[in-house]
Amino acid sequence: MSEAVHATPPSAAARPAPPREPSTLRLIATLGLAGFFSGLAIVGVHALTLPRIEQNRRERLERAILTVLPGSRSFAVFVERDGRLAPLDAEQAKQAGEPPIYAGFDAAGKLVGFALPGSEPGYQDAIHGIFGVDPARRLVVGFQVLESRETPGLGDRILAEEWIAPNFRALAIDPGIEAVAAGKKTAAHQVETITGATISSRAVVRMLQKALERWRAGIEAYAAGAERARRGE
Amino acid sequence: MGDLIWIFVAAMLVNNFTLAYFLGLCPFLGVSGRLDTALRLGLANIFVMVITSSCAWLLNTFVLPHAPYLRLIAFIIVVASTVQFVEMVIRKMSPALFRALGIFLPLITTNCAILGLALFQTNRGYDFLEGLVFALGAGGGLTLALVVMAGLREETRVLDIPKVVQGMALYMILAGILSMAFMGFAGLFSSGGS
Amino acid sequence: MPPPSKPLGDEFLKGLWKENPIFIQVLGMCPALAVTNSVVNALAMGLATCFVLVCSSFFVSSLRRFIPRPVRISTYIVIIATFVTLTDLVLAALVPDVHRALGAFIPLIVVNCLILGRQEAFASKNPVPRAVADAAGMGVGFAFALTCLGAIREILGAGTFLGVPLFGPHFEPWVIMLLPPGGFLSLGFLLLFFNALKQARDRRRAAAARGETA
């Protein structure tokens, strides 16, 4: 920039303060304004997208629950209160701080089983999954990954039906879930890990073990109660 | 206690920020030409990471539950201003430390490893202590990667390397081999993980 | 005043190849290597970055006279972080599957050195159309390079392209290409390839020059 250019605009010449040293107030005002408008934009778009995002999440969870409990048509949300399972309605479920589990019912309203969510560190990051458990037959009847960032082609084979179908469709929960090497499954309570995805598949087994440990008593008490109530009538 | 050690080892070796998550590559590829510079940059990073981790925990616990969608902007502003504040404090309190770390501090603001640390810590729901240990591990891992790379690059200077390979291509391939070596640490997980 | 400037088209085109952010400038590596283990992820990340870059450049360039120098970097970061958050929310609402795959890396667009670099080096000094052309070029170049990397890694590492198997059942995938080392190695060998091309061209030019003088 030449001197001549500097001199021509009268406003620049009239103002003695050189533009190189803006006042602290101006700095704070600039940042404040930037923050204000950015906050405004974010809050606006957040309000616009929130219903859609929540709906996506809910639909995905609902699909997962109905998938891991074959035969179920509807489900209800439960939490543990004083060592017993207590049902929550949809409004309460949103507010509830404690982790919920889901009971699935078939078309006739009979209990099919419980869907237990869990999470466990995998190879890259936490794996979130959900298991279907049938307390009457004492079997794990389904599994689905809700969220994972395992390596494509390796760890993400835990998402594949080829692994889930033979291992989690009729997995006995007694005497306790056990992980065995690929091709070494001999008993109904064993899960084969995946060669090349050992860490991810072991994480899934640990997730299942922890979920069962956490919920076993509550589920069994509830299922026994439901059975008694049915026979009593 | 075992969990804490686990978080530390995992962050430092198994999931090394630079070699497994590709975070903090700018200093890794750009600055790590000399061993002592690399070491000091690494230390400055650990320092900022520990502070960031505490700030992220404070924000996550007290502020962000009310407005989770502001997380990103809150983190980045806090990181940037903390770094500047820390720089001022160090300059006043300890000129020696400032000379050692000072010039690197502004660089660190735009280092993705710092923001990555805050975000990972949030995703994994670490509490305050776990967060600190995670920051120490991640910073240690970053320092280790920087120092190893700087050592290798000092070596390459005296070697007769074909001109085609020199520069960024060589560093990338070196990083690839280092990353492969670090993958071996994943074995720690499968044996002792459960 | 900048010297009599190049046409807008040139500002756009330079980012595609001559100053390609990844292949030539080696900027913005974190997302480039982290998400390129499949073509879909790479493409989505490239487009998201491109969008943020163009929007930020537009705003930084239009506000360039009002932003005082001492706080310019902070202001740029606020602008960039805003657009990244918006992108994040919109992706989560419209394409939840892509969002789940990229999840952890979308926020890291904020610290992509490429974006901040373009604001500081170009958008803050140039009028809006020029800044947007530059940003679009750089963004498209970035997305292109990411997709190339993603394609190499997916084809070699999984034997598929966009999820479609390319080879017969007897193909043994190079699993390492999908893992972190594969990211470093593919980019390393790509850079090597470009170095070799450049050297060959320089030699040809030198030879041609010698031929003319002789």
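Residues numbered from 1 in each chain as written. Chains lettered and ligands numbered in written order. Predicted model: local features only at pLDDT ≥ 70, side-chain atom pairs only at ≥ 80, totals over all residues.

1. Concerning the overall build of chain B
Within chain B one finds eleven helices and zero strands. Secondary structure of chain B in N-to-C order comes out as α-α-α-α-α-α-α-α-α-α-α. Residue burial in chain B is summarised as follows: out of 194 residues, 47% are buried. For chain B, the proportion of contacts with a sequence separation of at least 24, taken over those separated by at least 6, is 80%. (Helix = DSSP H or I, 4+ residues; strand = E, 2+ residues; numbered from the N terminus. Buried ≥ 20, exposed ≤ 12 C-beta atoms within 10 Å, placed from the backbone. Contact = placed C-beta atoms within 7 Å.)

2. Topic: the overall build of chain C
Counting its regular elements, chain C contains eight helices and two strands. When the helices and strands of chain C are listed from N to C terminus, the series reads α-α-α-α-α-α-α-β-β-α. Taken along its principal axes, the extent of the C-alpha atoms in chain C is 65 × 60 × 25 Å. Going through the 214 residues of chain C one by one, you find that 53% of them count as buried. The long-range fraction of contacts in chain C, counting pairs at least 24 apart against all pairs at least 6 apart in sequence, stands at 75%.

3. Digging into unusual backbone geometry
The residue after D174 of chain A, namely P175 of chain A, is reached through a cis peptide bond having omega 0 degrees. Within the secondary structure, P175 of chain A sits in the loop between strand 7 (171–172) and strand 8 (178–180). Positive phi, normally seen in glycine, also occurs at R138 of chain A, with a value near 55 degrees. The partly exposed category is assigned to R138 of chain A, around which 15 C-beta atoms lie within 10 Å. Phi at F22 of chain B is positive, roughly 60 degrees, even though this residue is not glycine. The exposure class assigned to F22 of chain B is buried, which follows from the 27 C-beta atoms found within 10 Å.

4. Overview of the interface of chain B and chain A
Each partner contributes residues to the interface: chain B has ten residues there, and chain A has ten residues. Broken down by class, the residue content of the side of chain B that touches chain A amounts to five nonpolar, four polar and one charged. (Nonpolar A, V, L, I, M, F, W, Y, C, P; charged D, E, K, R; others polar.)

5. Focus on the packing of helix 1 (residues 8–16) of chain C against helix 7 (residues 128–158) of chain C
All names here are of chain C. Interhelical geometry of helix 1 versus helix 7 gives an angle of 25 degrees and a closest axis separation of 6 Å. Comparing the axis directions of helix 1 and helix 7 gives the class roughly parallel. Read as a crossing pair, helix 1 and helix 7 show a hand that is right-handed. Between helix 1 and helix 7, the residues in contact are L8, E11, F12, L13, K14, G15 and L16 and P129, R130, A133, D134, A136, G137, M138, V140, G141 and F144, respectively. Here the residues of the contact of helix 1 with helix 7 are counted per class, giving ten nonpolar, three polar and four charged. (Axes fitted to C-alpha atoms, helices over the stretch in contact; angles between N-to-C directions. Parallel < 35°, antiparallel > 145°, perpendicular 65-115°, else oblique. Left-handed = near helix turned anticlockwise from the far one by under 90°.)

6. Looking at the sheet that holds strand 6 (residues 139–147) of chain A
All names here are of chain A. In spatial order, the strands read 2-1-3-4-5-6-7; together these seven strands make up an open sheet with antiparallel pairing. Two strands lie at the open edges of the sheet, namely strand 2 (84–88) and strand 7, each paired on one side alone. Here strand 5 (residues 126–134) runs beside strand 6; their pairing, made up of seven bridges, is antiparallel. Bridge pairing in strand 6 links G132 to G142. Helix 3 (residues 24–68) rests against strand 1 (74–81), strand 3 (101–105), strand 4 (111–121), strand 5 and strand 6 of the sheet, and its axis sits at about 155 degrees to strand 6. Contacting strand 1, strand 2, strand 3, strand 4, strand 5 and strand 6, helix 6 (residues 198–232) crosses the sheet at an angle of about 145 degrees to strand 4. (Pairing = 2+ DSSP bridges.)

7. A short note on the environment of A93 of chain C
Considering the arrangement of structural elements, one finds A93 of chain C in helix 4 (residues 72–94). Looking at A93 of chain C, the number of C-beta atoms within 10 Å reads 19, which means it is partly exposed. Beyond its immediate chain neighbours, meaning those up to four positions away, A93 of chain C contacts T49, R52 and I53 of chain A.

8. Here we look at the pairing of strand 4 of chain A
Residues and elements named next belong to chain A. Most of strand 4 is tucked away: nine of the eleven residues are buried. Judged from the four bridges that link them, strand 3 and strand 4 form a sheet pairing that is antiparallel. Pairing of A103 across the sheet is with F114, part of strand 4. Connecting the antiparallel pair strand 3 and strand 4 is a turn made up of five residues, with G109 showing a positive phi of about 85 degrees. Sheet topology note: the strand 4/strand 5 ladder contains eight bridges and is antiparallel. Following the sheet pairing, G118 is matched in strand 5 by G129.

9. A short note on the packing of helix 4 (residues 35–63) of chain B against helix 9 (residues 128–157) of chain B
All names here are of chain B. Contact pair helix 4 / helix 9: the axes reach a minimum separation of 8 Å and the direction vectors enclose 165 degrees. The angle between helix 4 and helix 9 falls in the class roughly antiparallel. The crossing of helix 4 and helix 9 is right-handed.

10. Describing the nonpolar core
Of all hydrophobic cores here, the largest spans 127 residues; its most connected members are I76 and L115 of chain B together with C30, I80, A81, V84 and V110 of chain C. Ranked by residues supplied to this core, first place goes to helix 7 of chain C with 14 residues. Those residues in contact with I80 of chain C, other than ones at most four positions away along the chain, are V52, S56, V110, I115 and L116 of chain C. With 51 residues, the next largest nonpolar core counts A64, A115, A179 and A197 of chain A among its residues. (Core = buried A, V, L, I, M, F, W, Y, C linked by C-beta atoms within 7 Å.)

11. Here's the deal with helix 7 of chain C
Count 3.6 residues to each turn of an α-helix, and residues three or four apart come out pointing the same way. With 31 residues, helix 7 of chain C should reach 45 Å at 1.5 Å per residue; the first-to-last C-alpha distance of 43 Å fits that figure. Most of helix 7 of chain C is tucked away: 25 of the 31 residues are buried. (Expected span 1.5 Å × (residues − 1).)

12. Details of the pairing of strand 3 of chain A
Residue and element names in this part refer to chain A. Summarising burial for strand 3: four of the five residues are buried, a large majority. Here strand 1 runs beside strand 3; their pairing, made up of five bridges, is antiparallel. Looking at strand 3, one finds that V77 is bridged to Y102.

13. Focus on the environment of S148 of chain A
Looking at the element boundaries, S148 of chain A is found in the loop between strand 6 and helix 5 (161–168). Taking C-alpha positions, S148 of chain A is 7.1 Å from D125 of chain A, a pair spaced 23 residues apart along the chain.

14. Points about the interface of chain C and chain B
Counting residues at the interface gives 33 residues for chain C and 31 residues for chain B. Those elements that provide at least two residues to the side of chain C that touches chain B are helix 2 (29–34), helix 4, helix 6 (113–121) and helix 8 (180–213) of chain C. When the residues that make up the side of chain C that touches chain B are grouped by side-chain class, the tally is 26 nonpolar, seven polar and no charged.

15. As for the confidence of the model for chain B
Residues with a pLDDT of 70 or more make up 89% of chain B, whose mean pLDDT is 81. The element-level mean pLDDT for chain B is lowest in helix 11 (residues 187–192) of chain B, coming to 56, with helix 9 of chain B highest at 91. (pLDDT = per-residue confidence, 0-100.)

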